[in-house]
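Structural features, examined
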Amino acid sequence: MSRRGPVKSAVPSNVVSPVRRCSRTACGRPAVATLTYVYADSTAVLGPLATYAEPHCYDLCAEHSERLTAPRGWEVVRLAIDPGPARPSGDDLEALANAVREAARPPERPAAPERTETPQPGAARRGHLRVLRSPDS
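Residues numbered from 1 in each chain as written. Predicted model: local features only at pLDDT ≥ 70, side-chain atom pairs only at ≥ 80, totals over all residues. Heavy atoms only, no water.

**Some points on the sheet that holds strand β2 (residues 43-48)**
To keep it simple, the criterion reads: Two strands form a pair only when DSSP identifies at least two bridges running between them. Secondary structure elements follow DSSP: runs of H or I of four or more residues count as helices, runs of E of two or more count as strands, with numbering from the N terminus. For every element, the axis is a line fit to its C-alpha atoms; helices are fit only across the contacting stretch, and the angle between N-to-C directions ranges from 0 to 180 degrees.
Taken in spatial order, the 4 strands of this open sheet run β3-β1-β2-β4, and their pairing is mixed. The open sheet is flanked by β3 (57-60) and β4 (75-78), the only strands paired with a single partner. Averaged over neighbouring strand pairs, the angle between their axes works out to 25 degrees when direction is ignored. Inspection of the sheet shows strand β1 (residues 33-38) paired to β3 by 4 bridges, in the antiparallel sense. Residue pairing in the sheet places T36 in a bridge with C57 of β3.

This is how it looks when you write it as structure tokens:
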């Protein structure tokens, strides 16, 4: 927010698309695969498009994922990529419904503990505190 009013975007909002795009510079094609590097194993893993965009992963279009090469000495692991859009399966929907039911269930209250101590004569109990009567009264 500036003093003159709201800051206007340089890009009109109707240009922004909910489809994830290829991470390669100047490539605007839709992403179909996610590339992740495992530095400890000198491995590049190319697999199906991740559910969420992660900061250390790269989304690639079909052309760039096919032409991917790794640095010398590195291994490329290619996992099967489903060309169709990901759709929730019956198992996914059932798991989601079970999670919602579990979250809505009220927490179980533990049973009240049995009292084992006997009250002292002349002492009244209020919560966890005891009120002792004065010996003068």
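Here the narrative resumes.
**Details of the packing of aromatic side chains**
Note the cut-off: Pairing of aromatic side chains here covers Phe, Tyr and the six-membered ring of Trp, requires ring centres within 6.5 Å, and sorts the geometry by plane angle: under 30 degrees stacked, over 60 edge-to-face, intermediate tilted. Whether a residue is buried, partly exposed or exposed follows from its accessible area with a 1.4 Å probe, protein chains only, as a fraction of its type maximum: under 20%, in between, or over 50%, in that order.
Under the defined criterion, the tally for this structure stands at 4 aromatic pairs. Aromatic side chains Y37 and Y39 sit 6.0 Å apart centroid to centroid with 35 degrees between the ring planes, which places their arrangement in the tilted category. Consider the rings of Y37 and W74, whose centres lie 5.9 Å apart with planes at 85 degrees: the pair is edge-to-face. Residue Y37 is located in strand β1, and its partner W74 is located in the loop between α1 (62-66) and β4; the two are separated by 37 residues in the primary sequence. Under the relative-accessibility criterion, Y37 is labelled partly exposed at 27%. Members of the aromatic cluster, connected to one another through ring pairs, are Y37, Y39, Y58 and W74.

**As for the pattern of salt bridges**
Formally: Salt bridges, as used here, are contacts in which a Lys or Arg side-chain nitrogen is within 4 Å of a carboxyl oxygen on Asp or Glu.
Enumeration over the complete set of coordinates arrives at 3 salt bridges. Note that D59 is salt-bridged to R20, the shortest N-O span being 2.9 Å. Taken together, the residues span a long stretch of sequence, with D59 in strand β3 and R20 in the segment before β1 at a distance of 39 residues. Overall, R20 belongs to the partly exposed group, its relative accessible area being 21%. Across the pair R29 and E63 runs a salt bridge whose closest N-O atoms are separated by 3.1 Å. Here R29, found in the segment before β1, pairs with E63, found in helix α1; they are 34 residues apart in sequence, far enough to count as distant. R29 gets classed as partly exposed once you look at its relative accessible area, which sits at 36%. Overlapping salt bridges, with partners in common, bring together R29, E63 and R67 in one network.

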